[in-house]
Amino acid sequence: MADPHDAGDADFDVLVLGAGSGGYACALRAAQLGLRVGLVEKGNLGGTCLHEGCIPTKALLHAAEVADSARTAEQFGVRATLEGIDMPAVRSYQEGVVGRLFKGLAGLIKSRGITVVAGEGRMTGPREVTVGGTTYTGRHLVLATGSYARSLPGLEVDGERVLTSDHALRLDRVPASVVVLGGGVIGCEFASVWRSFGAEVTIVEALPRLVAAEDEASSKALERAFRKRGIAFRTGTPFQSVKTTDDGVAVTVEGGDVIEAELLLVAVGRGPVTDGLGYDEQGIAMERGFVLADERCRTNVEGVRAVGDIVPGLQLAHRGFAQGIFVAEDIAGLEPAPLDESAIPRVTYSHPEVASVGLTEAAAVERHGADGVETLTYDLGGNGKSQILKTQGFVKLVRRTDGPVIGIHLVGDRVGELVGEAQLIYGWEGYPEDVAPLVHAHPTQNEALGEAHLALAGKPLHAHA
């Protein structure tokens, strides 16, 4: 086992500060590899993702899908009506899902022999964390303190009229109308939920398009779908101010227009939880509150690693899992390959969903030149299962000219479930000619990936040549 430190008297081999996705994944893998592990957490095991993020929001989105299914049942020949949304019952369903997963995680951590230290930890030495007056040491320290819902300067979140996603998840009613400040993943997901539940929704986004980190074609497709659903959005429109009114909020945007609604959801991204945790004092290199780490998750202080949302990059739970596992294996001397950030799949779970892996067309052109890139778009209109589901969208492939596929972009209901094969194609540097012979079950949406690669390999089946 690799051990660059002579610290045999440390309490733990690996001391992890924070038990969210990155922290608990690191702890589980390190324990599996026979290391003594301490896991410090002030809240619930599982962190934001399990309790205020991925899991509860996706439960809400599934409830929204059920509402839409009832509302549109007639087009499938099923007589059903939507009588309304019982938010306390929706929350009960949501909390049941979270509760079962939490119980499972707690059991898993206990079964691996990990020492859980409950309380707020602070870094007080090079590889030392103090919790409530007790100091713990590790031969290796892993910082994994996660993120929080950001606001904007001068925008006061009161939890009643002006909410973050944390408050939105705890709402006991469906608002009549909402302004969503931010058209990224979180903003679009909540806009989608509330529209499905019957609210009037307006998204305000300073950037030129919704889900601006995605391929431009994906943004346009989502905007078309939202327009059709009656979700209003103002892109290229910076926020100026908000004031509370008798009925809710009045939001002023650049140019002076005022948008009134019952609630304002602030969905302008997430910031790193690092303030006051002693990182600065211990000499950890930081930038805008983020902890700087190299491709092996090493900070500038020897023996201290950092994973998850506190490290600049994609703020995704599965990135945290991957980094946590990587760090545990690296500490154990297994010499794992560093994570390729562009190989991390990305999904927006709105209706329709947007999913991707690899480079956007614009990023590919910037890297390889316009002549060095080819693209192909396969419309889901040619996919039988998508027609059965009555969803629209596409599979867009970006490849190096005569080379491997370097970007896969998907839009449509349930396409988040297709991104697994997409990441394998990207990760294994597959050529369209490599994927074309693979047999995809019919009728599935997964087939659309096969069809797109058939077309790009020059032998389209259910697509025009």
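The paragraphs below set out a description of the structure included in this document. Remember, it's a predicted structure, so these values are computed and weren't measured experimentally.

## Quick notes on the overall build of the protein chain
Then comes step 1: The secondary structure content of the protein chain amounts to 13 helices and 24 strands.
Then comes step 2: By the compact-globule yardstick of 23 Å for 465 residues, the protein chain fits well, its C-alpha radius of gyration being 24 Å.
Then comes step 3: Counting the 465 residues in the protein chain, one finds 51% classified as buried.
Then comes step 4: Taking contacts inside the protein chain between residues at least 6 apart in sequence as the whole, the part at least 24 apart equals 64%.
Then comes step 5: A total of about 21,100 Å² of accessible surface is found on the protein chain, and carbon and sulfur atoms cover 50% of it.
Then comes step 6: The protein chain carries 42 positive and 61 negative side-chain charges, and their two centres are separated by 3 Å.

## Re the environment of Gln 240
Then comes step 1: Looking at the element boundaries, Gln 240 is found in strand β12 (residues 239-244).
Then comes step 2: In this structure, the C-alpha to C-alpha distance between Gln 240 and Thr 252, residues 12 residues apart in sequence, is 5.5 Å.
Then comes step 3: Leave out the neighbours within four places in its chain, and Gln 240 touches Thr 252, Val 253 and Glu 254.

## Examining the environment of Ile 408
Then comes step 1: Within the secondary structure, Ile 408 sits in strand β24 (residues 405-412).
Then comes step 2: Separated by 245 residues in the primary sequence, Ile 408 and Leu 163 place their C-alpha atoms 34 Å from one another.
Then comes step 3: Sequence-distant contacts of Ile 408, defined by excluding residues within four places in its chain, comprise Ala 355, Ser 356, Val 357, Lys 396, Leu 397, Ala 422, Ile 425, Leu 449 and His 453.

## A closer look at the pattern of salt bridges
Then comes step 1: Considering all chains together, one arrives at 19 salt bridges under this definition.
Then comes step 2: In this structure, Glu 329 engages Arg 29 in a salt bridge whose closest nitrogen and oxygen atoms are separated by 2.8 Å. With a gap of 300 residues between them, Glu 329 in helix α8 (residues 317-331) and Arg 29 in helix α1 (residues 21-32) connect regions that are remote in the sequence.

## With respect to the packing of helix α6 (residues 185-196) against helix α7 (residues 216-229)
Then comes step 1: Contact geometry of α6 with α7 gives a least axis separation of 11 Å together with a crossing angle of 25°. As the angle between them shows, α6 and α7 are arranged roughly parallel. For the crossing formed where α6 meets α7, the hand is left-handed. Residues Cys 188, Ser 192, Arg 195 and Ser 196 of α6 touch α7, and the partners they reach there are Leu 222, Phe 226 and Arg 229.
Then comes step 2: Looking at the contact of α6 with α7 residue by residue, the class counts come to three nonpolar, two polar and two charged.

## Overview of the packing of aromatic side chains
Then comes step 1: By the definition in use, this model includes two aromatic pairs.
Then comes step 2: Ring centres of Phe 190 and Trp 194 lie 5.5 Å apart, and the angle between their planes is 45°; on these two criteria the pair is classed as tilted. Of this pair, Phe 190 and Trp 194 both sit in helix α6, separated by four residues, roughly a single helical turn.
Then comes step 3: On the basis of relative accessibility, which here comes to 3%, the residue Phe 190 falls in the buried class.

## Focus on α6
Then comes step 1: End to end, α6 covers 17 Å across 12 residues, agreeing with the expected 16 Å (1.5 Å per residue, within 8%).
Then comes step 2: Counting buried positions over the 12 residues of α6 gives nine, a clear majority of the element.
Then comes step 3: Every buried residue belonging to α6 is among Gly 187, Cys 188, Glu 189, Phe 190, Ala 191, Ser 192, Val 193, Trp 194 and Ser 196, and all of these are buried.
Then comes step 4: Note on α6: the residue one or two positions beyond its end, Gly 198, has a positive phi of about 110°.

## Notes on the sheet that holds strand β20 (residues 346-348)
Then comes step 1: A sheet is described by the order of its strands in space; here five strands give the open sequence β20-β21-β24-β23-β22, paired in antiparallel fashion. Pairing within the sheet leaves two strands with one partner each, and these edge strands are β20 and β22 (373-379). Ignoring strand direction, the axes of neighbouring strands in this sheet form an average angle of 10°.
Then comes step 2: Strand direction decides the pairing type here: β22 and strand β23 (residues 394-400), joined by seven bridges, are antiparallel. Residue pairing in the sheet places Tyr 378 in a bridge with Val 395 of β23.

## Details of unusual backbone geometry
Then comes step 1: In this structure, the amide linkage connecting His 351 to the following residue, Pro 352, adopts the cis form with an omega of 5°.
Then comes step 2: Topologically, Pro 352 is positioned in the loop between β20 and β21 (353-358).
Then comes step 3: Pro 443 follows His 442 through a cis peptide bond whose omega is -5°.
Then comes step 4: Relative to the helices and strands, Pro 443 resides in the loop between α12 (432-435) and α13 (447-456).
Then comes step 5: Notably, Val 211 is not glycine yet its phi reads approximately 35°, a positive angle.
Then comes step 6: By secondary structure assignment, the location of Val 211 is in the loop between β10 (200-204) and α7.
Then comes step 7: The exposure class of Val 211 is buried, given its relative accessible area of 4%.

Criteria and cut-off values
Counting from 1, residues in each chain are numbered in the order their sequence is written. Residue-level local features of this predicted model are given only where pLDDT is at least 70; pairs of side-chain atoms are given and counted only at 80 or more, and the full residue set underlies all totals for whole chains, interfaces and linings. Processing note: side-chain calculations cover all non-hydrogen atoms of the structure and skip hydrogens and water entirely. Here a strand is any run of E in DSSP of at least two residues, a helix any run of H or I of at least four, and the numbering for each starts at the N terminus. Throughout, radius of gyration means the C-alpha value; the globule benchmark is 2.2 Å times the number of residues raised to the power 0.38. Relative accessibility under 20% of the residue-type maximum defines a buried residue, over 50% an exposed one, and the middle range a partly exposed one, all with a 1.4 Å probe and only protein chains included. Contacts were defined at the residue level, with two residues in contact if any of their heavy atoms lie within 4.5 Å. Note on areas: Shrake-Rupley, 1.4 Å probe, and residue coverage restricted to the protein chains presented here. In summary, the charge assignment counts Lys and Arg as positive and Asp and Glu as negative, without counting His or the chain termini. Where a charge sits is defined by one atom per residue type, namely NZ (Lys), CZ (Arg), CG (Asp) or CD (Glu). For this document, the term salt bridge refers to a Lys or Arg side-chain nitrogen within 4 Å of an Asp or Glu carboxyl oxygen. Note on geometry: axes are lines fitted to C-alpha atoms, helical ones only across the stretch in contact, with angles between N-to-C directions running from 0 to 180 degrees. Oblique is the label for every angle not falling under 35 degrees (roughly parallel), over 145 degrees (roughly antiparallel), or within 65 to 115 degrees (roughly perpendicular). Crossing handedness is read from the near helix: turned anticlockwise from the far helix by less than a right angle, it gives a left-handed crossing, and turned clockwise, a right-handed one. In this count, Pro and Cys sit with the nonpolar residues alongside Ala, Val, Leu, Ile, Met, Phe, Trp and Tyr, while Asp, Glu, Lys and Arg are called charged and the others, Gly among them, polar. Note on ring pairs: Phe, Tyr and Trp rings are taken, using the six-membered ring of Trp, and paired if centres are within 6.5 Å. Classes follow the plane angle, with under 30 degrees stacked, over 60 edge-to-face and the rest tilted. A helix is expected to span 1.5 Å for every residue after the first. Should DSSP find at least two bridges between two strands, the strands are regarded as paired.

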